Amino acid sequence: MFRKRQIVALSMALAATWASGAHAGDLVVSAAASLTNAFKEVARGYEQEHAGTKVVLNFGASDVLLQQIVKGAPADVFASADQKAMDKAVEEKAVKPASRVDFAANQVVLIVPADSKADIAALKDLTRDDVKRIAYGNPASVPVGRYTQGALQAAGLWDAVQAKSVLAQNVRQSLDYVARGEVDAGFVFATDAAIMGDKVKVAVRVPSQTPVTYPIAVTTREAAAREAESFVAYVLSPAGQAILSRYGFQKP
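Conventions adopted
Residues numbered from 1 in each chain as written. Predicted model: local features only at pLDDT ≥ 70, side-chain atom pairs only at ≥ 80, totals over all residues. Heavy atoms only, no water. Buried < 20%, exposed > 50% of the residue type's maximum accessible area, 1.4 Å probe, protein only. Helix = DSSP H or I, 4+ residues; strand = E, 2+ residues; numbered from the N terminus. Arc of directions from axis to C-beta. Phe/Tyr/Trp six-rings, centres within 6.5 Å; stacked < 30°, edge-to-face > 60°. Axes fitted to C-alpha atoms, helices over the stretch in contact; angles between N-to-C directions. Parallel < 35°, antiparallel > 145°, perpendicular 65-115°, else oblique. Left-handed = near helix turned anticlockwise from the far one by under 90°. Contact = heavy atoms within 4.5 Å. Nonpolar A, V, L, I, M, F, W, Y, C, P; charged D, E, K, R; others polar. Pairing = 2+ DSSP bridges. Expected span 1.5 Å × (residues − 1). Salt bridge = Lys/Arg side-chain N within 4 Å of Asp/Glu carboxyl O.

Draft legend 1. Looking closely at helix 10 (residues 238–246). Of the residues making up helix 10, those classed as buried are G240, Q241, I243 and L244. One side of helix 10 holds all its buried residues, which, seen down the axis, span an arc of 155°. Exposed and facing more than 90 degrees away from the buried side of helix 10 are P238 and R246. G248 lies just past helix 10 and shows a positive phi near 95°.

Now the structure itself:
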């Protein structure tokens, strides 16, 4: 519990530091870590079509981003990697419910280091004695962790895998653990695995008990509400969807 409080406190401090870099007139978008590469290009495309607009991006675990918004960090758009985080955003009155819409879909995969000699071909292989460390996002705050937990519980493997867990603060940290060979395997989204195809390889495509869909919504911050609506429209437009498709995201 103390460790969790330390992480939350650190994330709030980082949010305050980041927020100081945002200026009046900027469009601030808080988005799930798995959207990092795709949304950087989406932001560039939007800025090209909307001269004078600067999109400021803030990436992290969906639940952490939500807590930043609730605590007062500026954000005009919130894009989550699962429905649960967006449900919380609605409950906390952090977003406008009518603006909520699904814009992308993904898949959870089990990855191993590219040079791994472990013959992992099924989830049950994670219970072997030679598989000692498995990374995945903390289910308490990271959507990919929640998807992972659901899949492993359905397979009757959650307790065995949890005993070997290395919890990550977001999906990209789980990816980095595997890419650096610090763990034997890890759970990430398929789009994350694709950006490090030279360092990791997909061992198993994980069946999800819940569809992996991404919702986006305009926050209740009024500073740039119309611009925020315009950005969401761009994400849903053929141009925005084409960018997401290039990074491996599917239609919801």
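Read on, since the account is not over.
Draft legend 2. Summary view of the packing of aromatic side chains. According to the stated counting rule, one finds nine aromatic pairs in the structure shown. Aromatic pair F189 and Y214: ring centres 5.9 Å apart, planes at 55°, arrangement tilted. Within this pair, whereas F189 is found in strand 8 (residues 185–189), its partner Y214 is found in strand 10 (residues 213–218), the two being separated by 25 residues in sequence. Just as F189 is buried, Y214 falls in that class too.

Draft legend 3. Expanded view of the packing of helix 3 (residues 62–70) against helix 4 (residues 83–91). At a minimum axis distance of 9 Å, the contact between helix 3 and helix 4 shows a crossing angle of 15°. Considered as vectors, helix 3 and helix 4 are oriented roughly parallel to each other. Read as a crossing pair, helix 3 and helix 4 show a hand that is right-handed. In this structure, helix 3 uses S62, D63 and L66 to contact helix 4, whose residues at the interface are A85, K88 and A89. Classifying every residue of the contact of helix 3 with helix 4 by side-chain character gives three nonpolar, one polar and two charged.

Draft legend 4. Structural detail: the sheet that holds strand 2 (residues 55–60). On the basis of which strands lie adjacent, the open sheet formed by five strands has the order 2-1-3-10-4 and mixed pairing. Bordering the open sheet on either side are strand 2 and strand 4 (101–105), each of which pairs with just one other strand. When the angles between neighbouring strand axes are averaged without regard to direction, this sheet yields 20°. As judged from the three bridges shared by strand 1 (residues 27–32) and strand 3 (residues 77–79), these two strands associate in the parallel manner. Among the inter-strand pairings, S30 is bridged to a residue of strand 3, identified as F78. Together, strand 1, strand 2, strand 3, strand 4 and strand 10 form the strand contacts of helix 2 (residues 36–49), whose direction differs from that of strand 2 by roughly 170°.

Draft legend 5. Molecular detail of helix 2. In this model helix 2 runs 20 Å from its N-terminal to its C-terminal C-alpha over 14 residues, within 8% of the 20 Å that 1.5 Å per residue would give. Taken together, the buried positions of helix 2 are occupied by T36, A38, F39, E41, V42, A43, G45 and Y46.

Draft legend 6. Here's a closer look at the sheet that holds strand 6 (residues 134–137). Strands sit in the order 7-6-8-5-9 across an open sheet of five strands; the sheet is mixed. Across the chains shown, the open sheet's two edge strands, defined by having one partner strand only, are strand 7 (165–168) and strand 9 (200–206). With strand direction ignored, the average angle separating the axes of adjacent strands in the sheet is 35°. Bridge count for strand 5 (residues 108–113) against strand 9 is six bridges, and the pairing is antiparallel.

Draft legend 7. Region of interest: the pattern of salt bridges. Evaluation of the coordinates by the stated rule reveals 11 salt bridges. The shortest N-O distance in the salt bridge between K88 and D63 comes to 2.8 Å. Of this pair, K88 sits in helix 4 while D63 sits in helix 3, and the two are 25 residues apart along the sequence. For D63, a relative accessible area of 8% translates into the label buried. Residue D130 pairs with R128 through a salt bridge whose shortest N-O separation is 2.9 Å. Residue classification places D130 among the partly exposed positions, given a relative accessible area of 44%. Given the relative accessible area of 25%, R128 is considered partly exposed. Residues participating in the shared-partner salt-bridge network are D63, D82, K88 and R146.

Shape descriptors only; they carry no functional weight alone.
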